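Summary of structural features
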Amino acid sequence: MVATFPDLIREVSRLEPGLRQPVVVITAGKPWWGREDIDAAWRRSHEALAAAGKQRSLVVAKGSDHSVPQDRPEVIVTSVQRLLKMVNER
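We now turn to the structure provided with this report. (Residues numbered from 1 in each chain as written. Predicted model: local features only at pLDDT ≥ 70, side-chain atom pairs only at ≥ 80, totals over all residues. Heavy atoms only, no water.)

As for the packing of helix H1 (residues 5-15) against helix H2 (residues 36-51)
Each pair of packed helices can be described by the angle between their axes along with the distance between the axes. Here H1 crosses H2 at 0°, and the two axes come no closer than 10 Å. When the axis of H1 is compared with that of H2, the two are roughly parallel. Touching Phe 5, Leu 8, Ile 9 and Val 12 of H1 are Ala 41, Trp 42, Ser 45, Ala 48 and Leu 49, all from H2. Taken together, the residues that form the contact of H1 with H2 break down as eight nonpolar, one polar and no charged. (Axes fitted to C-alpha atoms, helices over the stretch in contact; angles between N-to-C directions. Helix = DSSP H or I, 4+ residues; strand = E, 2+ residues; numbered from the N terminus. Parallel < 35°, antiparallel > 145°, perpendicular 65-115°, else oblique. Contact = heavy atoms within 4.5 Å. Nonpolar A, V, L, I, M, F, W, Y, C, P; charged D, E, K, R; others polar.)

Right, dumping it as structure tokens:
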């Protein structure tokens, strides 16, 4: 999966001019792959996706691993509320 990150970023960049919706990228606060290089690549990919547009942001779910909805459900709820507010302000 990690090997596909460059392709994913390239595809998002290619499509970016047509994407108008706000995006919140939620990422784990704790490393969870068990390999530092993969954890770093994963975080960089999330940062790149969040930085790829004006109405995008990165939310780090502190204290959570990959199971953000289980570990930090309030992060999901807050992020959805934030997205709704951004859409309604357009």
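Don't stop here, the text continues.
Observations concerning helix H4 (residues 73-88)
Helix length check: H4 (16 residues) gives 23 Å between terminal C-alpha atoms against 22 Å at 1.5 Å per residue, within 8%. Where H4 is concerned, the buried positions are Val 75, Ser 79 and Met 86. Along the long axis of H4, the arc covered by the buried residues comes to 30°, so they all point the same way. Facing away from the buried surface of H4 by more than 90 degrees, the exposed residues are Gln 81, Leu 84, Lys 85 and Asn 88. (Expected span 1.5 Å × (residues − 1). Buried < 20%, exposed > 50% of the residue type's maximum accessible area, 1.4 Å probe, protein only. Arc of directions from axis to C-beta.)

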